[in-house]
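Residue-level listing of the chains:
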Amino acid sequence: MNEKTKFMLKQIAFYTFVFTVVAWIVVPLIVVALYAFSSKLDYYDPSKIIPFHYTKQWVYTLLFTLRALDAIKNSIIVAVLTIIISFALGIPAGYAIAKFIFPAKDTIKLSIVALRMFPIPVMAIPLVVLYIRLNLIDTLLGVALAHTAMALPFVVLITSSIFAGVSTELEEAAMVFGLTRLGAFLRITLPLALPGLAAAAMFTFVMSWNEVFVASVLTLQHRTLPAQILSIMAGASGGAAPDYYKFAAAFIMMLPAMLFIFFARKYLITMWGITLK
Amino acid sequence: MKVKASYLPYLLILPAFAYLMFFVGYPLIQALYLAFTENGAFSLATVNRTISDPRFWDALKYTIGLAAVIVPTQVGLALVLALVMNRAFKGKDLALYALIIPLTISDVAAGLIWYAMLSPSGFLNKLFLNIGLINNPVYFFGYQFRHMEFLAIVLAELWRATAIVFVIILAGLQMISPEYLEAAEVFGADYWTKLRKIVIPLLKPSIQSALIIRTLFAMQVFGIVWILAGRDIPILAGEGFYQLTEIKDYGVASIYALTIAALSIVLGAMYIKFMKAEYLEVKE
């Protein structure tokens, strides 16, 4: 075997490996999207690996009869509220960490890194008692407040790295020309940081959109999408819902995430790099 | 030049910090109260009620068991993936893009997606039936197939969360200066020697960090298990959820929460200790 064939074989092995890995990730997504629209007969026909007849029935029933559409609205409201509250609290903190030197900065940063690890179930279970007392139980604001607690450490860390990337000189120049610190921030730093912040907002949206434990525990009537889906589908063993509704549900749930990936792909790896270091 | 100011940064951080402190501190105190008091007085009745239930120990066992199977496999898999993908090739961006997709998919959706793959009329069963690899569908779901449910959860979790580990390790790989590897090459080191003597040791912080983060999140696994196995495979978060929503026993639910918290604090302390060490190292 000469060098050239050896190289060729290596290349083939490499691409086979990459192809297998990509297929492992992508095939389940394609399968669930096809099955979500599969006719009942095709799904239960063992000879049809991929369905040939399609129907919108399952998605429609899920959206309208099983109230997934209301749940989607609730999810969006909760996610938007979460973005607003967590950004209002997180941007000043992120800015302070990025642009100031002060004692105890490392300790504060480290404790925010650690708070990110705080388990959601631990927060949610006792929160029920407080929410009942405050009449926040089963409200979208209540869920959003809890989601903010979940998202805030990420928002602080992401925004601080975004602001650190915006040159301080520009801000100082603006201040030399008579803007206040706040004015310089609003007119110089914030616009420059905007694309990064938009990506961070999408990241927060997906976090809130995907979260199921808090939402299930804190709501009963006003369910977010994952909570609504969980209460319909809980326990495949129980067979609560027919299979094709499960696929329709998975399809609806993964759509916004896909859109997010498409729009924020430029920031994706950096962002997860920051949040998961 | 960074600006020095005496109180402004604290003022800016305070709202976020206070908010977080409240949402971490209040639940912990409330959970301790719910778990260790009865009618306003200290009592171990709730604790006894919890630990006398074999499901508590099962939940602990399965939560740790799942983590013990899933996390090391994920780290191994992600390491191989990162090593292979850490070079320029045609279609790299597309491949990376595909690998990252599961990061944005919720645990509930991931559970349902793998149900579509593994159910008796699911994709894999039909595929293997048609190419003649099996004669009857393999059953993954239902109480009598609990071992298979365990396997289904492992498969779904590997699919969903290996990407997180992959991103951490890939970032670590890209930080390794090529000069080290070039120097090794000058001294005649082959690929495996470089891997063993340079890459893996330098990757140790990333691997450690990925291990701890994944273990921490594995302690609170919920959606994927709840969708694929319900209570057939009891887990801490799931049992806590059940006690809270079905039994309305806030005390027992709190003990499940505190158990997760205790496991997380131990792991978190390890994480901070090691983060701090790494941080100081870089600073010097």
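Residues numbered from 1 in each chain as written. Chains lettered and ligands numbered in written order. Predicted model: local features only at pLDDT ≥ 70, side-chain atom pairs only at ≥ 80, totals over all residues.

(A) Just the overall build of chain A, in detail. A tally of helices and strands in chain A yields 12 helices and 0 strands. Ordered by position from the N terminus, the helices and strands of chain A form the series α-α-α-α-α-α-α-α-α-α-α-α. For chain A, whose C-alpha radius of gyration is 24 Å, the value lies well above the compact-globule estimate of 19 Å for 277 residues. Looking at chain A residue by residue over its 277 residues, the buried ones come to 48%. (Helix = DSSP H or I, 4+ residues; strand = E, 2+ residues; numbered from the N terminus. Rg over C-alpha atoms; globule rule 2.2 N^0.38 Å. Buried ≥ 20, exposed ≤ 12 C-beta atoms within 10 Å, placed from the backbone.)

(B) Layout of the overall build of chain B. If you tally the helices and strands in chain B, you get 12 helices and 2 strands. Its helices and strands in sequence order give chain B the pattern α-β-β-α-α-α-α-α-α-α-α-α-α-α, from N to C terminus. In terms of overall dimensions, chain B has C-alpha extents of about 75 × 75 × 30 Å along its principal axes. In chain B, of all internal contacts separated by at least 6 residues, the share reaching a separation of at least 24 is 72%. (Contact = placed C-beta atoms within 7 Å.)

(C) Seen up close, unusual backbone geometry. Residues and elements named next belong to chain B. One non-glycine residue, Asn39, adopts positive backbone phi at about 50°. With respect to the helices and strands, the residue Asn39 is situated in the loop between strand 1 (37–38) and strand 2 (41–42). With phi around 60°, Lys248 is a residue other than glycine that occupies positive phi space. Summarising the element assignment, Lys248 is placed in the loop between helix 11 (236–247) and helix 12 (250–283). Lys248 sits in the exposed class, given 10 other C-beta atoms within 10 Å.

(D) Highlighting the domain arrangement of chain B. Residues and elements named next belong to chain B. Each assigned domain of chain B is listed with its residue range as follows: domain 1 (1–43) and domain 2 (58–283). The distance between the C-alpha centroids of domain 1 and domain 2 comes to 30 Å. Each partner contributes to the interface: domain 1 provides 4 residues, whereas domain 2 provides 7 residues. In terms of residue class, the side of domain 1 that touches domain 2 is made up of 4 nonpolar, no polar and no charged. (Domains from an automatic or database assignment. Nonpolar A, V, L, I, M, F, W, Y, C, P; charged D, E, K, R; others polar.)

(E) The environment of A:Pro195, seen in detail. Positionally, A:Pro195 belongs in helix 9 (residues 181–210). The spacing of A:Pro195 and A:Leu115 is 80 residues in sequence and 26 Å in space, taken between C-alpha atoms.

(F) Fine view of the interface of chain A and chain B. Taken together, the 80 residues of chain A in the interface contact 89 residues of chain B. Element by element, the count of residues in the side of chain A that touches chain B is highest for helix 12 (residues 243–276) of chain A, at 16 residues. Here the side of chain A that touches chain B is composed, by residue class, of 67 nonpolar, 8 polar and 5 charged.

(G) Focus on helix 9 (residues 191–219) of chain B. Residues and elements named next belong to chain B. The first and last C-alpha atoms of helix 9 sit only 37 Å apart over 29 residues, clearly below the 42 Å expected at 1.5 Å per residue. The largest bend along helix 9 reaches roughly 50° and is located at Lys204, with the proline Pro205 sitting one to four residues downstream. Residues of helix 9 that are buried include every one of Leu203, Ser206, Ser209, Ala210, Ile213, Arg214, Thr215, Leu216, Phe217, Ala218 and Met219, and no others. (Expected span 1.5 Å × (residues − 1). Bend = angle between axes of the 7 residues up to and from the residue.)

(H) Here's a closer look at the nonpolar core. The biggest cluster of nonpolar side chains holds 178 residues, and the ones touching the most others in it are A:Ala250, B:Leu112 and B:Ala116. It is helix 7 (residues 140–165) of chain A that provides the largest number of residues to this core, a total of 16 residues. Excluding residues within four positions of it along the chain, A:Ala250 makes contact with A:Val32, B:Ala109, B:Leu112, B:Ile113 and B:Ala116. (Core = buried A, V, L, I, M, F, W, Y, C linked by C-beta atoms within 7 Å.)

(I) Broad picture of the environment of A:Gln228. All names here are of chain A. Relative to the helices and strands, Gln228 is located in helix 11 (residues 225–233). Using a count of 26 C-beta atoms within 10 Å as the deciding quantity, one classes Gln228 as buried. C-alpha of Gln228 to C-alpha of Ala249: the two residues are 21 residues apart in sequence and 9.9 Å apart in space. Ignoring anything within four residues of it in the chain, the contact list for Gln228 reads Arg67, Ala68, Ala71 and Arg223.

(J) Local environment of the packing of helix 5 (residues 107–118) of chain B against helix 7 (residues 146–175) of chain B. Residues and elements named next belong to chain B. Direction vectors running N to C along helix 5 and helix 7 enclose 120°, while the axes themselves pass 9 Å from each other. It follows that helix 5 is oblique to helix 7 by the angle criterion. Helix 7 is crossed by helix 5, and the crossing has right-handed handedness. Residues Asp107, Ala110, Gly111, Trp114 and Leu118 of helix 5 lie in contact with helix 7, whose contacting residues are Ala152, Leu155, Ala156, Trp159 and Arg160. (Axes fitted to C-alpha atoms, helices over the stretch in contact; angles between N-to-C directions. Parallel < 35°, antiparallel > 145°, perpendicular 65-115°, else oblique. Left-handed = near helix turned anticlockwise from the far one by under 90°.)

(K) How the structure looks around helix 4 (residues 92–100) of chain B. Of the residues making up helix 4 of chain B, those classed as buried are B:Ala95, B:Ala98 and B:Leu99. Viewed end-on, helix 4 of chain B has its buried residues packed into an arc of 100°, placing them on one side of the element. Facing away from the buried side of helix 4 of chain B by over 90 degrees, the exposed positions are B:Asp93 and B:Leu94. Tucked inside the fold, the buried residues of helix 4 of chain B contact helix 1 (3–35) of chain A together with helix 3 (54–85) and helix 7 of chain B. (Arc of directions from axis to C-beta.)

(L) Region of interest: the packing of helix 1 of chain A against helix 4 of chain B. Relative to each other, helix 1 of chain A and helix 4 of chain B sit at 35°, their axes nearing to 9 Å. When the axes of helix 1 of chain A and helix 4 of chain B are compared, the crossing they make is left-handed. Note on element contacts: helix 4 of chain B touches helix 1 of chain A through B:Ala95, B:Ala98 and B:Leu99, opposite A:Val18, A:Val21, A:Val22, A:Ile25 and A:Val26. When the residues that make up the contact of helix 1 of chain A with helix 4 of chain B are grouped by side-chain class, the tally is 8 nonpolar, no polar and no charged.

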